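# Tertiary structure, described
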Amino acid sequence: MVWMRTGLLVFVFLIVQSAQADGSYIWWEGEDAVSTNFPSNSWFANGAVNGKRDLLSNGAWLCNDGNRTGDEAFATYKIDIPEAGEYDFWVRKFWKHGPFKYRFGDGDWNTIGSDISLADSVEIQQFLSVNWVYGGAVTLPEGETTSELRLLAGVGQSLTACFDCFLLTPSIFVPRGKLKPDERSGMADDGFFAWEPAVDDFTSEAALDLRSLNEPYAGINGFVKTDEGDFILGNGEPVRFWAVNASSGIAGLDHKSVKYLARLLAKRGVNMVRYHSPLFNSNNVDKVDAQKLDDLFYFVNALKQQGIYTEISFYFPLWFDVKSSYGISGYESINNKKPFALLYFNQRMQEIYKNWAKDIFTTPSPYSGVPLANDPAVAIVEIINEDSFFFWTFTKQNVPSVQWAALEILFGDWLKTQYGSLDAARAAWSNLRESGDDFANGRVALYEAWNMTGDAIRQANAARKKRVGDQVRFLTETQRGFYQETVRYFHEDLGIQSLVSPSNWTVSDPAMLDALERYTYTAGAVIDKHGYFNGGHTSPDGSDSYSVTVGHTFTNRSAVKNPANLPLQFIQLENHPQIISEIGWTNPNLYRADFDFLMAAYGSLQDVDGFFTFALGGASWDSSMGKFAASCPAILGNFPAYALMYRRGDVQKGSTVLRQVLKLDDLYAMKGNGGAESQNFDGLRLEDVPPGGVATGEVSAIDPLSYYVGRVTRTFGDNPSDSTETNLEPYIDRSKQTVTSETGELNWNYGAGLATIDTPNAQGCTGFLGQAGTVDLSGVRVEMKNEYGSIVAISLDGEPLAESETILIQAMTVERPYGFRADGGKEGKITNMGGYPFGVELIDAVVTLKGAKCDSVEVIALDENGYPTEKEVRSDRDSGGVTIHLAPDAAYHVIKRSCKQAISNWSLCRN
């Protein structure tokens, strides 16, 4: 062997071979070197992992920390390849730190840099995680060879790098912490069972696989379109989207993992993914990153093959730091470099944005052969994520003075058009002047965000209110005008055939400005918003945090007891599909099992067109608790039944219980669009409306429980008195803390924390079921002794439950990583984040399927991948139906039966 001294840190490996059930894999430990000059007593190798060595393979790793002033670091190993062929090379290492080269034998060098996708993540301590990364495919001959890795840093340069273990495998590898490909830990805390499915081969033996809900491939019949406020497929078939969010880190995984993920999602009922990440090239701001674009191309095509559509979101101000070299001035003088609101009016920022869009949508994909503009698998293109003139970021601290002044010049130009002259505008404001006005030079001062809120308007005199109103109209027309021009550019200049969603953000005062924000979105085809529900979570300094780690404090809070605080309230603009492209119940919070239930039930009632859970953590299941976690048992594991219910339309669409007509001139006059709090419900005097009756007249406030009775819609017109509202008294009982849908299918006791679904095809309940006792529905009876959980019985063959011969019973309780601890037991200060695998509280539940007389009944407990197991499940049959004692360690049970007749009174369930 020839040692090359090029100022790089060098090391070579010896490994121990292991055998895998479906082939041979080779695994070796980073610290098991024959010879090495890596530091033997580094902090990362010792102090950093003390007490957490169980998270590392073999309890140790090879680390370099600090400056090296002597020889390059190296470690020497040998490896033995059992069979010639192609292998995937994987490395488990410290996050993205320590870019390096590697080669086997005398083969070509390959580089693993810092801009890499992390296939999983296990936290050792805050800011110190161990992650699997993919190194590429290598072709190796049989027999003994060597491996070299060289850290990409010169002698004397500080470089932190830690390597836990390495893997060569000819098969798909799904990272699960420190486990080898053929290992399962079996570890579970007392009262929990381990959620650690094997790698899914996606065979026809699965008893639960929703892939058939999707088209053979996405866009087989053309682009997704809209029809009277709903999405339709290219063949005109109505469609709803049960979706998830994924980043460039997910799209950038190895191709095998991306294909695996696509199939996994389709199996669980997903039919759209929102790709949400920047694509720009940090070295050339007018271009996109070629590798990330290629990753996106492959990602879209892999999803397409599983019948999954894509929404593309590629711009968010928080991703972008403005530099003077970009041709945009002013940001060098302020601390915040994020271009909030800039895209709406700055021509250079718009030029940069359009250059990105041109690269993204007109470059042919090597995987489909067509540009994304012409690929019907791309259903939606989002213009901008979470930005608005009407949010709190519209301040002089966030928009530099030179850019603020440019916008004030545009305001002056707008006023000249509106009034004929600036003098006429000033006269309309009773000659009100503000600091910063320079009428002689055409510049009119703008107020910051707070001045456009209801609090500010209530303190303003008539002149100031008029001036603020003119500003609000200017900003509305400017924002909507940008969206209109961008939609035109997308469709006409770039040839994009996808639907366009302008944005999704909130405003500083929803009661005053939300309607105008959504009005600006009508320049596109899709109306969107974002929303999250969380328990109390604070970091040691008392703030909220985007991460979850030891030392943080949390309290559990259930959505099922907080209906007024959920992002499940939709005021839908008529003739526009409504989606929520980010939604989630964030961690830490044990009460998350009601998420899918409530989303499917009340999303169906309100006829919401798409839910996008935020966000995937990898190609398979999460290895640790993240703030925004979807790839975990309580969320992704709970998808199948609720995705089927939502997409199939098992819950009736409600009628419109409130239709609000708003006049734009009234909104510009700062009259507001109605609040969401029940105590502000003063638009109509309900005592004058008979129960169940419909009143007409202007609506100035909206009961936050209205959304759980039926649909709430909004339109813009000339006569607000054309608004209509149903008296909700028959459906809402605040003294009992209950709300019932006007369809009669959904009941919610938010005082007790219990919600139920009772439809012909699906029946179930969620919340504090242990306290609820027996939950008796029309065709199903549920008794759960767990404090909290969700259970649903749903027909898999599309027949009513009373007649169905294949039924899924899906149950979920609380989840947490193995070893997770808080000083208060279930809540409090986190003392241990735990790790892989997630555990699910053992299920203690009995479900009775009422009434059907069946020749035979077979109850099969399924594993986490939906395959039959040999677990014993007790079931009892009598004249009242079949009673099933669920296996405590199975979330899914399939009931197969042959029934002579259904219960005679089934028609009473529905009208």
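Quantities reported herein were computed from a predicted structural model and do not represent experimental measurements. (Residues numbered from 1 in each chain as written. Predicted model: local features only at pLDDT ≥ 70, side-chain atom pairs only at ≥ 80, totals over all residues. Heavy atoms only, no water.)

### Let's talk about the nonpolar core
Heads up, the condition is: Within this scheme, the nonpolar core is defined by two criteria: the residues are buried Ala, Val, Leu, Ile, Met, Phe, Trp, Tyr or Cys, and they are joined through side-chain atoms within 4.5 Å. The buried label applies to any residue whose accessible area, calculated with a 1.4 Å probe on protein chains only, is under 20% of its type's maximum; exposed applies above 50%, and partly exposed to all values in between. In this description, contact between two residues means that some pair of their heavy atoms is separated by no more than 4.5 Å.
By size, the foremost hydrophobic cluster in this structure holds 234 residues, and its most contacted members are Phe314, Trp356 and Phe490. Apart from the residues lying within four places of it in its own chain, the contact partners of Phe314 are Ser277, Pro278, Leu279, Trp319, Tyr353, Trp356, Ala357, Ile360, Phe361, Val381, Glu382 and Phe490. Ranked by size, the runner-up nonpolar core spans 29 residues in total, among them Ala75, Leu118, Leu149 and Phe166.

### Some words on empty space enclosed by the protein
Cut-off, in case you're wondering: Think of a 1 Å grid over just the protein atoms. A cavity is a set of points where a 1.4 Å probe fits yet cannot get out, a pocket is an open set with protein on both sides within 12 Å along at least five of seven lines, and lining residues have an atom within 4 Å of a point. Grid points are joined across faces, edges and corners, and a volume is the space filled by probe spheres set on the points. For this classification, Asp, Glu, Lys and Arg are treated as charged, while Ala, Val, Leu, Ile, Met, Phe, Trp, Tyr, Cys and Pro are nonpolar and the rest, including Gly, are polar.
The full count for this structure, using the stated rule, is 6 cavities of 30 Å³ or more. Reported here for the largest cavity is a volume of approximately 50 Å³. Leu208, Lys267, Arg268, Pro640, Glu864, Asn865, Gly866 and Tyr892 together form the lining of the largest cavity. Residues that form the lining of the largest cavity fall into these classes: 3 nonpolar, 2 polar and 3 charged.

### Here we look at the sheet that holds strand S48 (residues 828–832)
For clarity, the threshold we go by: Pairing between strands is defined by DSSP: at least two bridges between the two strands are required. Helix and strand definitions here come from DSSP, where helices need a minimum of 4 consecutive H or I residues and strands a minimum of 2 consecutive E residues; each element is numbered from the N-terminal end.
With antiparallel pairing, 4 strands are arranged side by side in an open sheet as S28-S29-S48-S47. Each of the sheet's edge strands pairs with one partner strand only, and the pair in question is strand S28 (536–538) and strand S47 (821–822).

### Observations regarding the pairing of strand S9 (residues 100–104)
Most of S9 sits inside the fold, with 4 of its 5 residues counted as buried. As defined by bridge partners, S9 adjoins strand S10 (residues 110–112) across 3 bridges and the pair is classed as antiparallel. Bridging from a neighbouring strand, Lys101 pairs with Thr111 of S10. The turn joining S9 and S10, which pair antiparallel and follow one another in sequence, is formed by 5 residues; a positive phi near 60° is taken by Gly105. Note that S9 and strand S14 (residues 147–151) share 5 bridges and pair antiparallel.

### Structural notes on the side chain of Ser313
Condition: N or O atoms within 3.5 Å of each other form a polar contact, as long as, within protein, one can give a hydrogen and the other can take it, and as long as residues adjacent in sequence are counted only when both atoms are side-chain atoms.
As for its position among the elements, Ser313 is in strand S24 (residues 309–313). By relative accessible area, which is 0% here, Ser313 ends up buried. Of note is the side chain of Ser313, whose polar atom sits 2.9 Å from the side chain of His276. Within polar-contact distance, the side chain of Ser313 engages the side chain of Glu382 at 2.7 Å.

### Description of the packing of aromatic side chains
To keep it simple, the criterion reads: Side-chain rings of Phe, Tyr and Trp (the six-membered ring for Trp) are treated as a pair once their centres are within 6.5 Å; stacked means planes under 30 degrees apart, edge-to-face means over 60, and tilted covers the remaining angles. Think of it as a cone above the ring: NZ of Lys or CZ of Arg counts as a charge over the ring if it is within 6 Å of the ring centre and within 35 degrees of the ring normal.
By the definition in use, this model includes 65 aromatic pairs. Note on Trp43 and Phe44: the rings are 5.0 Å apart at their centroids and 75° apart in plane angle, and the pair reads as edge-to-face. Given a relative accessible area of 47%, Trp43 falls into the partly exposed group. Owing to a relative accessible area of 15%, Phe44 belongs among the buried residues under this scheme. Aromatic pair Phe320 and Trp356: ring centres 5.5 Å apart, planes at 75°, arrangement edge-to-face. On the criterion of sequence distance, the pair formed by Phe320 in the loop between S24 and helix H4 (347–362) and Trp356 in helix H4 is long-range, its members being 36 residues apart. For Trp356, a relative accessible area of 1% translates into the label buried. Looking at Lys561, its charged tip hangs above the ring of Phe768, at a distance of 4.7 Å from the centre.

### Section: the pattern of salt bridges
Selection rule: Note on definitions: salt bridges are taken to be side-chain nitrogens of Lys or Arg within 4 Å of carboxyl oxygens of Asp or Glu.
Under the definition given, this model contains 41 salt bridges. A salt bridge links Arg426 to Asp423; the shortest N-O distance between them is 3.2 Å. Here Arg426 and its partner Asp423 are both found in helix H6 (residues 422–428), 3 residues apart, which amounts to about one turn of the helix. Here Arg426 falls in the buried class, since its relative accessible area comes to 16%.

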